[in-house]
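These are the residues of each chain, in order.
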Amino acid sequence: MPPNTLVVTVEKPVNSVMGVDSTPLFLEKEKGVSPKQLTWVLLLKVQRTLACVSWLTMAAKTTFVSAKKRIALSDHLSDEEPKSRGKLYRFIKAFLVLSIVALLVEVIAHFKKWNLNLIQPWEVQGLVQWTYMAWLFFRADYIAPLVILLSKFCTLLFLIQSLDRLVLCVGCFYIKYKKLKPTVEPECYDVEDPSSFPKVLVQIPMCNEREVYAQSIAAACQLDWPKDRILIQVLDDSSDGSVQLLIKEEVSSWSQKGVNIVYRHRLIRTGYKAGNLKSAMACDYVKDYEFVAIFDADFQPNSDFLKQTIPHFKGKPEVGLVQARWSFVNKDENLLTRLQNINLCFHFEVEQQVNGVFLNFFGFNGTAGVWRIKALEESGGWLERTTVEDMDIAVRAHLNGWKFVFLNDVKVLCELPESYEAYKKQQHRWHSGPMQLFRLCLPSIITSKISVWKKANLIFLFFLLRKLILPFYSFTLFCIILPLTMFIPEAELPLWVICYVPIFMSLLNILPAPKSFPFLVPYLLFENTMSVTKFNAMISGLFQLGSAYEWVVTKKTGRSSESDLLALAERESKSSNEEKISRRYSESGLELLSKLKEQDQQVMSKKNANKLYKKELALALLLLTAAARSLLSAHGLHFYFLLFQGLSFLVMGLDLIGEQIS
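What counts, and at which threshold
Residues numbered from 1 in each chain as written. Predicted model: local features only at pLDDT ≥ 70, side-chain atom pairs only at ≥ 80, totals over all residues. Heavy atoms only, no water. UniProt positions renumbered as here; feature names shortened; annotations may be inferred. Patch = residues over 30% accessible without salt bridge, like charges linked within 9 Å, V, L, I, M, F, W, Y side chains within 5 Å. Areas by Shrake-Rupley, 256 points an atom, 1.4 Å probe, with all protein chains shown as cover. Salt bridge = Lys/Arg side-chain N within 4 Å of Asp/Glu carboxyl O. Helix = DSSP H or I, 4+ residues; strand = E, 2+ residues; numbered from the N terminus. Buried < 20%, exposed > 50% of the residue type's maximum accessible area, 1.4 Å probe, protein only. pLDDT = per-residue confidence, 0-100. Contact = heavy atoms within 4.5 Å. Polar contact = N/O pair within 3.5 Å; in protein donor to acceptor, adjacent residues only side chain to side chain. Expected span 1.5 Å × (residues − 1). Bend = angle between axes of the 7 residues up to and from the residue. Core = buried A, V, L, I, M, F, W, Y, C linked by side-chain atoms within 4.5 Å. Axes fitted to C-alpha atoms, helices over the stretch in contact; angles between N-to-C directions. Parallel < 35°, antiparallel > 145°, perpendicular 65-115°, else oblique. Left-handed = near helix turned anticlockwise from the far one by under 90°. Nonpolar A, V, L, I, M, F, W, Y, C, P; charged D, E, K, R; others polar. Phe/Tyr/Trp six-rings, centres within 6.5 Å; stacked < 30°, edge-to-face > 60°. Lys NZ or Arg CZ within 6 Å of the ring centre and 35° of its normal. Pairing = 2+ DSSP bridges.

- Per an unreviewed UniProt entry, the protein goes by Glycosyltransferase 2-like domain-containing protein and derives from Ficus carica.
- UniProt's Sequence similarities (unreviewed entry) comment on the protein is quoted here verbatim: "Belongs to the glycosyltransferase 2 family. Plant cellulose synthase-like C subfamily."
- Reading the Subcellular location (unreviewed entry) entry of the UniProt record for the protein gives the comment "Golgi apparatus membrane".

Here it is in structure tokens:
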């Protein structure tokens, strides 16, 4: 029957396909498909590899071109310090020469397979081999014990400082958990009665601040406070006559709008910022004011700044300072500003907040703070004896029993240095000044009437641990001892010292700025690289060297936040600047404008001429030499740390971070 026959002939192939006999058929199909899929996978991997190699090649080419430009411009810019102050550089250079010689000997010994354990003294052949064997004996008996002792000492300091950081972080977590915040009395001042508001003096010290004078004055003039209860002092120390004229015009324009503002310029500019503030406080009308708010020239407080800070003095006669934290308009401008933001976020969120809550004391940041004028006067006022006048007055006020309040929720916009040169000079002043102050204040701290615990906190934590020990061990341990141990394996540092603990501490530092987590490793390398600048500054301040008294105004760019309402006022003031000058001064004003344009062009041309930094370059070669030595010994992680740290120093030395040349 045809239908049955048809069914049989159809079912057999189906059964054979669905049964055991079907396995070879599918295997043959898989064998035909797999090579094609494998080909596509291999092609994809090759494409990704070529893209990665292309990217690395372009990055290397760009870096090489930038480095070539730095070197081409370095003939008259490579010396950032006079030769009389280059003792640290000469020490690093001598250490570098010795390490290169040692590396050459180690390379010879490696390829000739000289081994102290296998070669007997009578088997030594040749002067070089004998010298190498003598060096091994001398190293093991005399040098290694000293290096081990020094490394243990620095490691102990490292652990103590890490413990201090950990305790500060625990304190910050406790504050967050308990939601501890400074409190104020409800309805401190009657809005309908301006006479209930205290009189506040606002001071804006500046010196040749062409880029930011307009926005800082505009921000201060827009503070929400009764007009008859506030006076703004623009304290101009500019040496450039054209800048003085521009600032005078800006002050005059705001004065015509009804703002109570005055312009002051010193004929004799002594004492830098401290001398400027001291001169302003000597005015007769200051006695009529109860508080003084201080803003540096690049700071732009919100209009409600005084209403958020002044109430914390109400009913608390022992409070002498209320400090706000900083916020940065250019924190994402480049890698340098991102790394600075990590440091300063930790400083404010953790250090300042914890010390403010538990000790009622912290270092005044020099700006974005409000002082009770009585506290300033009873503490001796502004003194010109150091380059950290803000820390000086804070310590003296603390010794006189005044308490400080830190407001982590009140933020004031400001700028971060965008070039490595500006940041380097800023850090030198910030780390040399505290050591000057420590020498001057130590007798006063010991003889003061504050408690023993507060004395110990000032001496051991505030000054020694955080200002002296931190830059000392950071430079000595990671830039001197670590490369030295590559040539003295008896003193090799354990992995937890060079890797695990530093990464954990860097992770803690980044917690207040969680968006910066991808920059964990660059931040760790950056901090070790900056240790040479901080160590040099600390030594110059401690031993009163000439560079300790240098004061260089940090270069500003005049950036404003897009969401900041003051940006509009800034643009309007800048656009009307030329009209005001030309209208009031006619031909002389036009001459001034042409002079300003020429100066701006000169500034821009100088801006593109980046420097080379000799100490950083010498340390880069030293660390890379040590990395080559560790490669011979197959140290593993030590090699990678030295390699990347050396490259980090190379980037800094060639000024390839931050503001770049065009």
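### Topic: a nonpolar patch on the surface
- A cluster of nonpolar side chains, contributed by L159, L495, W496, Y500, L637, Y640, F644 and L647, occupies part of the molecular surface with about 730 Å² of accessible area.
- A per-element tally of the nonpolar patch places helix α19 (residues 637-653) first, with four residues.
- Judged by relative accessible area, which is 36%, W496 ranks as partly exposed.

### Some thoughts on the confidence of the model for the protein
- With 79% of its residues at a pLDDT of 70 or more, the protein shows a mean pLDDT of 83.
- Note on residues 562-590: pLDDT is under 50 here. Beyond four places in sequence and across chains, it has 36 contacts.

### Some thoughts on the side chain of Q645
- Among the secondary structure elements, Q645 is positioned in helix α19.
- Residue classification places Q645 among the buried positions, given a relative accessible area of 0%.
- Within polar-contact distance, the side chain of Q645 engages the side chain of N528 at 3.1 Å.
- When sequence neighbours within four positions are dropped, the list of residues in contact with Q645 reads L525, N528, T529 and L623.

### With respect to helix α15 (residues 520-542)
- The end-to-end C-alpha separation of α15 is 31 Å, in line with the 33 Å expected for 23 residues at 1.5 Å each.
- Along α15, the sharpest kink reaches roughly 35 degrees, centred on S531.
- Counting buried positions along α15 gives 20 out of 23 residues, so the element sits mostly inside the fold.
- Two residues or fewer past α15, Q544 is found with a positive phi of approximately 55 degrees.

### A closer look at the nonpolar core
- I217 and W371 are the most contacted members of the largest nonpolar core, which totals 89 residues.
- Those residues within four positions of I217 in sequence are excluded, and the remaining contacts are I204, M206, V234, I247, E250, V251, W254 and I261.

### A word on the packing of helix α18 (residues 614-632) against α19
- Running from N to C, α18 and α19 cross one another at 160 degrees; their axes reach a closest spacing of 8 Å. The orientation of α18 with respect to α19, classified from their angle, is roughly antiparallel. The interaxial crossing formed by α18 with α19 has left-handed handedness. Contact residues: α18 offers E616, L617, L619, A620, L623, L624, A626, A627, S630 and L631, while α19 offers H638, F639, L642, L643, Q645, G646, L647, F649, L650, M652 and G653.
- Of the residues that constitute the contact of α18 with α19, the class distribution is 15 nonpolar, five polar and one charged.

### Comments concerning the packing of aromatic side chains
- This structure, assessed with the given rule, holds 25 aromatic pairs.
- With a centroid separation of 5.6 Å and 85 degrees between ring planes, the pair formed by F364 and W371 is classed as edge-to-face.
- Judged by centre distance (4.6 Å) and plane angle (20 degrees), the ring pair of F475 and F535 falls under stacked. Here F535 lies in helix α15 and F475 lies in helix α13 (residues 452-485), a separation of 60 residues in the sequence. As far as the burial class goes, F475 and F535 line up, both buried.
- Of the aromatic side chains, those joined through ring pairs into one cluster are F299, W326, F348, F361, F362, F364, W371, F404, F406, F438, F462 and F463.
- Its guanidinium or amino end placed over the ring of F462, K467 lies 5.3 Å from that ring's centre, counting from NZ or CZ.
- Across the ring face of Y89, the terminal group of K614 is positioned such that the distance to the ring centre comes to 4.7 Å.

### Structural notes on the sheet that holds strand β4 (residues 291-294)
- Spatial ordering of the open sheet is given by β3-β2-β1-β4-β6-β5-β7, a layout of seven strands whose pairing is mixed. Where the open sheet ends on each side, the last strands, each with one partner, are β3 (261-265) and β7 (403-414). Direction aside, the axes of adjacent strands within the sheet are offset by 20 degrees on average.
- When strand β5 (residues 319-328) meets strand β6 (residues 369-372), the two strands line up antiparallel, connected through three bridges. Within β6, the residue paired with L321 across the bridge is W371.

### Digging into unusual backbone geometry
- Phi is positive for Y272, which is not a glycine, with a value near 55 degrees.
- Of note, Y272 is situated in helix α7 (residues 272-281).
- One non-glycine residue, A368, adopts positive backbone phi at about 60 degrees.
- Structurally, the position occupied by A368 is in the loop between α9 (335-359) and β6.
- Using a relative accessible area of 0% as the deciding quantity, one classes A368 as buried.

### Things to note about the pairing of strand β2 (residues 230-236)
- Most of β2 sits inside the fold, with seven of its seven residues counted as buried.
- Here β2 shows no split at all, with I230, I232, V234 and D236 on one side and L231, Q233 and L235 on the other all buried.
- With seven bridges joining them, strand β1 (residues 200-206) and β2 adopt parallel strand pairing. Within the sheet, the bridge partner assigned to Q203 lies in β2 and is Q233.

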